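Chain by chain, the residues run as shown.
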Amino acid sequence: MKPAKAKMPRKPVIKKGSQSNLKDPVGVYCRVRPLSFPDQECCVEVVNSTTVQLHTPEGYRLNRNGDYKETQYSFKRVFGIHTTQKELFDVVASPLVDDLIHGKNGLLFTYGVTGSGKTHTMTGSPGYGGLLPRCLNMIFNSIGSFQAKRYVFKSNDRNSMEIQCEVDALLERQKREAMPVPKTPSNKRQADPEFADMINVQEFCKAEEIDEDSVYGVFVSYIEIYNNYIYDLLEEVQLDPIKPKLPQSKILREDKNHNMYVAGCTEVEVKSTEEAFEVFWRGQKKRRIANTHLNRESSRSHSVFSIKLVQAPLDADGDNVLQEKEQITISQLSLVDLAGSERTNRTKAEGNRLREAGNINQSLMTLRTCMEVLRENQTYGTNKMVPYRDSKLTHLFKNYFDGEGKVRMIVCVNPKAEDYEESLQVMRFAEVTQEVEVARPVDKAICGLTPGRRYRNLPRGGPVGDEPLVTEVILQSFPPLPPSKLLDINDEETLPKLIEALEKRHHLRQLMTEELNKQCMNFKALLKEFDSSLLNKENYIQEKLNEKEKLISGQKSEIERLEKKNKTLEYKVEVLEKTTTIYEEDKRNLQQELESQNQKLQRQYSDKRRLEARLQGMVTETSMKWQKECERRVAATQLEMQNKLWVKDEKLKQLKAIVTEPKPEKPERPSRERDREKILPRSVSPSPVPLSSSNIAQISNGQQLMSQPQLHRRSNSCSSISVASCISEWEQKLSPFSTPVNVTSLARHRQQEPGQSKTCIVSDRRRGMYWTEGREMVPTFNSEIGVEEDRCRRGDVYKTRGGGQSVQFTDIETLKQESPTGSRKRRSSTIAPAQPDGTESEWTDVETRCSVAVEMRAGSQLGPGYQHHAQPKRKKP
Ligand code: ADP
Ligand code: MG
């Protein structure tokens, strides 16, 4: 037995729509959702349970050249990122449900940018049921056992409710149940995991102080405001696949209490959380389909899910609902998921979508304006008209702001930096809104007196068990027996009345019997069905169990196999690790060895290089030494040979001279010869070389010719012979290189006038100088008087690549001497060599002149043109 509850205090009946003088501000709450990615830049910070702080993000500052700003906003309560849906519900929505159950209206909306968590907050996400399913849960938890039977309350098209008697309700139920409306099977509903996850609210929540003397009915409606049009999301539309109908928009109307409502909007009576949420889900699906078909952006529409709670008092016996319409109390809780508050340019909408966005913004803008005007009126006592009618959204909820209920708003914020600007706008709107005060709705009288709860206190099968009540209903409608006493014989009323009543009773009894039989049959059938289903289920479960067992055993063996494999692999890994260690050790050793070998090689290489260099030096030195030695030996041999040849030649020529030209004896000659012999060894290579006018002549093995001091020692009396032979030899040597004009001419002279021609060479090998001297007869005008010329050619000596020497002549000096018969005069163009005795000598033959020439050079008595001093220089051995 349920214990009888203390009666609620009676409250005065206050006419619907009346207001009290007390006012409450609009409750504005803030919920900050977590960042989608932990590395996102954040611009919102929860300072404490009532304050959030927005700071300018870096990217925004850079783009706008703005300063860093921090702004704090206060709310009734701030919910940080770790807030659970339950916490939020307890603070924000639970009081509204409480109010609803106590007959007060409530409006709760979520406001914020798209993606800020409005839908997550209102509807929830799988596993995280939002405010909507929690509200439903709390309502049904609270009124569960006091719900009126289905169809007792009937909504009409004028935003009010009607009551049917229970028999009528029963009949309507039966009628509807007979209708072939395909009901969504519960297992199909549960097949939608998202659906099941959303309503799976674990926490039990219940309103306090429920009026147990009333019955309750819950009606839900679900509308969408899109593009400033209202669409009913629960409307049953016959689907025509050929010509699908466009959804019809609904209009707003005002009822007799000046409340706004959507005319013709479907209101579905629901008896449980599941059923209510199912209806919501249906609407949600329809919304999605419409959005897809009509290419609409779901975040651009406002959705309003309304829960209407109807309550009516029981009669004095507590058995039946009072059939007086005036006793019905209707309260409504509207849960509004607003469209994204972002501005149009943010989403870059185009064409139709831009228009939609504009309208959405228009709705939200109107909401803002309404708030602002309300605040202004309240703050400054003005009486400006609030532009509710400017948008459907504000028009629909105008009563709430005019004091017909509590208004609460949850401002959802996404703390990411990209939403900073929009979040600022949201905060500003929130600031305005929470300054608006709304008249506090007064508690509504629940109903009249309810003296007994007989009916309630009866033990009952279930909270809303329809079927056991059928017989009760019939019992209640049993006509009472009229008085059966016959006081008068002529009494013709009592009996017929009794008969009528009995007949009625009999009829009812029959009905009851029929009903009973029917129920029995139904029950039996149900029992059978249940039995068979139980059996089936048992079998099914058994099958499943077997399957699962098989699966488990399979998995077990699989696990065992894998474990074995794992062990083998572990062993292999161990072995491999060991091998790797060994290899690594080997590698290290080999590397060390390699390094030492490399170093050794390097050392050897450098040693080799040093040795090579040394050997190279030695080879060069030795080869040079040997080359010089060879040259020296060749020269010596040649000289020796030449000497021998010359000795022979000289002897031959002396002999010839003696034979051909016997000369008178000259007493001074021997002394001259002696003098010359003294000088000659000091002079170098006085070989007579009459060279061509060409300045360059190459003489191979020139030094051989130039280093023959012996030559002059031998040419005492027959120097002309030696000079001539010398010339002939030089002619031979020079011929390949130049035209030996002077040589041939000299040779000619020698042949014609052997005693009058003289050629001399002085060479200084060290300085590279080279002289020749030639004498020839130049004819003058007077043919009797001839001029004798001594020509001296000067040049430089160079070594040639082939090992020989070349001479480059740079100057010619001429020594002239007139030769009249008897007297001779010697002249030089550049120098005038004087005789040692200061007198002009008379040169009569070649020998004399030659010896003088040689003496001249040897004694260094040359003029400025003869800068060479004839110091004899012999070649190095
Ligand atoms: P809106 O309705 O404002 O456009 P949603 O509610 O659809 O935004 O949220 C967008 C996404 O962010 C969803 O995937 C939702 O699950 C997630 N979300 C929003 N708020 C929260 C929160 N407080 N905690 C965890 N996830 C959230
Ligand atoms: Mg949303």
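Quick caveat: nothing in here was measured; it's all calculated off a predicted structure.

1. Some words on the overall build of the chain
Consideration 1: Each helix and strand in the chain was counted, giving 22 helices and 27 strands.
Consideration 2: Out of the 877 residues in the chain, the part that is buried amounts to 43%.
Consideration 3: Here the analysis covers contacts within the chain between residues at least 6 apart in sequence; of these, 73% occur between residues at least 24 apart.
Consideration 4: With an accessible surface of roughly 50,300 Å², the chain has 53% of that area assigned to carbon and sulfur atoms.

2. Regarding the pattern of salt bridges
Consideration 1: Inspection of the entire model under this criterion finds 23 salt bridges.
Consideration 2: Among the ionic pairs, K271 bridges to E269, the shortest N-O distance being 3.1 Å. Each member of the pair, K271 as well as E269, is classed as buried.
Consideration 3: Through salt bridges with shared partners, a single network forms among D99, K104 and K406.

3. Points about the site of ligand 1
Consideration 1: Lining the immediate surroundings of ligand 1 are R31, R33, P34, V113, T114, G115, S116, G117, K118, T119, H120 and S125.
Consideration 2: Here an oxygen atom of ligand 1 and a side-chain polar atom of R33 are 2.9 Å apart.
Consideration 3: At a separation of 3.5 Å, an oxygen atom of ligand 1 approaches a polar backbone atom of V113.
Consideration 4: When isolated, ligand 1 has an accessible area of 550 Å², and the protein chains bury 67% of it.
Consideration 5: For the shell around ligand 1, the element with the highest residue contribution is helix α3 (residues 118-122), accounting for 3 residues.
Consideration 6: Considered class by class, the residues forming the shell around ligand 1 number 2 nonpolar, 7 polar and 3 charged.

4. Quick look at the sheet that holds strand β4 (residues 51-55)
Consideration 1: Reading across from one edge, β3-β4-β5 is the order of the 3 strands in this open sheet, with antiparallel pairing throughout. The open sheet is flanked by β3 (44-48) and β5 (70-74), the only strands paired with a single partner. For this sheet, the mean inter-axis angle between neighbouring strands, taken without regard to orientation, is 30°.
Consideration 2: Here β3 runs beside β4; their pairing, made up of 4 bridges, is antiparallel. When the bridges of β4 are listed, V44 appears paired with L54.
Consideration 3: Seen against the sheet, helix α13 (residues 420-433) touches β4 and β5 and runs at an angle of roughly 145° to β4.

5. Here we look at the packing of aromatic side chains
Consideration 1: Applying the stated criterion across every chain yields a total of 11 aromatic pairs.
Consideration 2: The ring of W281 has R288 sitting right over it, with the charged end atom 5.6 Å from the ring centre.

6. Some words on the nonpolar core
Consideration 1: Grouped together as the largest cluster of nonpolar side chains are 51 residues, with contacts concentrated most on V52, F75, F109, F397 and F401.
Consideration 2: Per-element tally for this core: the top contributor is α13, with 7 residues.

7. Quick word on the side chain of Q40
Consideration 1: Positionally, Q40 belongs in the loop between β2 (27-32) and β3.
Consideration 2: For Q40, a relative accessible area of 18% gives the class buried.
Consideration 3: From its side chain, Q40 meets the backbone nitrogen of S36 in a polar contact 3.2 Å long.
Consideration 4: When neighbours within four sequence positions are excluded, Q40 is seen to be in contact with L35 and K416.

8. A look at the packing of helix α4 (residues 131-143) against helix α8 (residues 273-293)
Consideration 1: Packing of α4 against α8 leaves a shortest axis separation of 9 Å and a crossing angle of 150°. Handedness of the crossing formed by α4 with α8: right-handed. Contacts between α4 and α8 pair L132, P133, L136, N137 and F140 from the former with T273, A276, F277 and F280 from the latter.
Consideration 2: The residue inventory of the contact of α4 with α8, partitioned by class, reads 7 nonpolar, 2 polar and no charged.

9. Re α4
Consideration 1: Between its terminal C-alpha atoms α4 stretches 18 Å, which fits the 18 Å expected from 13 residues at 1.5 Å a residue.
Consideration 2: Burial analysis of α4 places 13 of its 13 residues in the buried class, the great majority of the element.

10. Some points on a nonpolar patch on the surface
Consideration 1: On the surface, L486, L495 and I499 cluster together into a nonpolar patch covering about 270 Å² of accessible area.
Consideration 2: Take L495: its relative accessible area is 41%, and that puts it in the partly exposed class.

11. Regarding the packing of helix α2 (residues 85-101) against α4
Consideration 1: Look at α2 against α4: their axes get within 9 Å of each other, and the N-to-C directions meet at 50°. Here α4 runs oblique to α2, going by the angle between their axes. Between α2 and α4 lies a crossing of right-handed hand. For the pair α2 and α4, the contacting residues are Q85, K86, L88, F89, A93, S94, V97, D98, L100 and I101 in the first and L131, R134, C135, M138, I139 and S142 in the second.

12. Examining the side chain of S306
Consideration 1: Tracing the backbone shows S306 in strand β18 (residues 302-313).
Consideration 2: Of note is the side chain of S306, whose polar atom sits 3.4 Å from the side chain of S334.
Consideration 3: Excluding residues within four positions of it along the chain, S306 makes contact with F219, V220, S221, Q332, L333 and S334.

13. Details of unusual backbone geometry
Consideration 1: A positive phi is found at Y151, a non-glycine position, where the angle reads about 75°.
Consideration 2: Summarising the element assignment, Y151 is placed in the loop between α4 and β10 (153-155).
Consideration 3: Taking the relative accessible area as the measure of exposure, Y151 reaches 16% and is therefore buried.

14. Description of helix α5 (residues 166-178)
Consideration 1: Its 13 residues place the ends of α5 18 Å apart at the C-alpha level, agreeing with the 18 Å of an ideal helix rising 1.5 Å per residue.
Consideration 2: Of the residues making up α5, those classed as buried are E166, A169, L170, E172 and R173. Along the long axis of α5, the arc covered by the buried residues comes to 165°, so they all point the same way. Turned more than 90 degrees away from the buried face of α5 sit K175 and A178, all of them exposed.

15. Describing the confidence of the model for the chain
Consideration 1: The pLDDT averaged across the chain works out to 74; a share of 65% of its residues lies at or above 70.
Consideration 2: Residue range residues 667-724 is modelled with pLDDT below 50. Its contacts to residues more than four positions away, or to other chains, number 174 contacts.
Consideration 3: Every residue in residues 733-786 is under pLDDT 50, and counting partners more than four places away or in other chains gives 188 contacts.

16. Here we look at the pairing of strand β13 (residues 229-232)
Consideration 1: By the bridge criterion, 4 bridges tie strand β12 (residues 214-226) to β13 in an arrangement that is antiparallel. Pairing of I223 across the sheet is with D232, part of β13.
Consideration 2: Hairpin connection from β12 to β13: 2 residues lie between these consecutive antiparallel strands, with N227 at a positive phi of about 60°.
Consideration 3: Bridge count between β13 and strand β14 (residues 249-250): 2 bridges; the pairing is antiparallel. The residue bridging Y231 from the neighbouring strand is S249, located in β14.

17. What to know about the environment of Y420
Consideration 1: Of note, Y420 is situated in helix α13.
Consideration 2: Between the C-alpha atoms of Y420 and C42, which are 378 residues apart in sequence, the distance is 8.9 Å.
Consideration 3: Once you skip the residues sitting within four places of it in the chain, Y420 turns out to touch C43, L54, H55, T56, P57 and Y60.

18. Quick word on the environment of K69
Consideration 1: Within the element layout of this structure, K69 appears in the loop between α1 (58-64) and β5.
Consideration 2: Residues K69 and T56, spaced 13 residues apart in sequence, show a C-alpha to C-alpha distance of 5.4 Å.
Consideration 3: For K69, the residues in contact, after removing those within four places along its chain, are L54, H55 and T56.

19. Observations concerning the environment of G124
Consideration 1: Of note, G124 is situated in strand β8 (residues 124-125).
Consideration 2: Overall, the relative accessible area of 8% leaves G124 in the buried class.
Consideration 3: Here the alpha-carbon distance between G124 and E194, two residues 70 residues apart in the chain, equals 10.0 Å.

What counts, and at which threshold
- Residues numbered from 1 in each chain as written.
- Chains lettered and ligands numbered in written order.
- Predicted model: local features only at pLDDT ≥ 70, side-chain atom pairs only at ≥ 80, totals over all residues.
- Heavy atoms only, no water.
- Helix = DSSP H or I, 4+ residues; strand = E, 2+ residues; numbered from the N terminus.
- Buried < 20%, exposed > 50% of the residue type's maximum accessible area, 1.4 Å probe, protein only.
- Contact = heavy atoms within 4.5 Å.
- Areas by Shrake-Rupley, 256 points an atom, 1.4 Å probe, with all protein chains shown as cover.
- Salt bridge = Lys/Arg side-chain N within 4 Å of Asp/Glu carboxyl O.
- Near = heavy atom within 4 Å.
- Polar contact = N/O pair within 3.5 Å; in protein donor to acceptor, adjacent residues only side chain to side chain.
- Nonpolar A, V, L, I, M, F, W, Y, C, P; charged D, E, K, R; others polar.
- Pairing = 2+ DSSP bridges.
- Axes fitted to C-alpha atoms, helices over the stretch in contact; angles between N-to-C directions.
- Phe/Tyr/Trp six-rings, centres within 6.5 Å; stacked < 30°, edge-to-face > 60°.
- Lys NZ or Arg CZ within 6 Å of the ring centre and 35° of its normal.
- Core = buried A, V, L, I, M, F, W, Y, C linked by side-chain atoms within 4.5 Å.
- Left-handed = near helix turned anticlockwise from the far one by under 90°.
- Expected span 1.5 Å × (residues − 1).
- Patch = residues over 30% accessible without salt bridge, like charges linked within 9 Å, V, L, I, M, F, W, Y side chains within 5 Å.
- Parallel < 35°, antiparallel > 145°, perpendicular 65-115°, else oblique.
- Arc of directions from axis to C-beta.
- pLDDT = per-residue confidence, 0-100.

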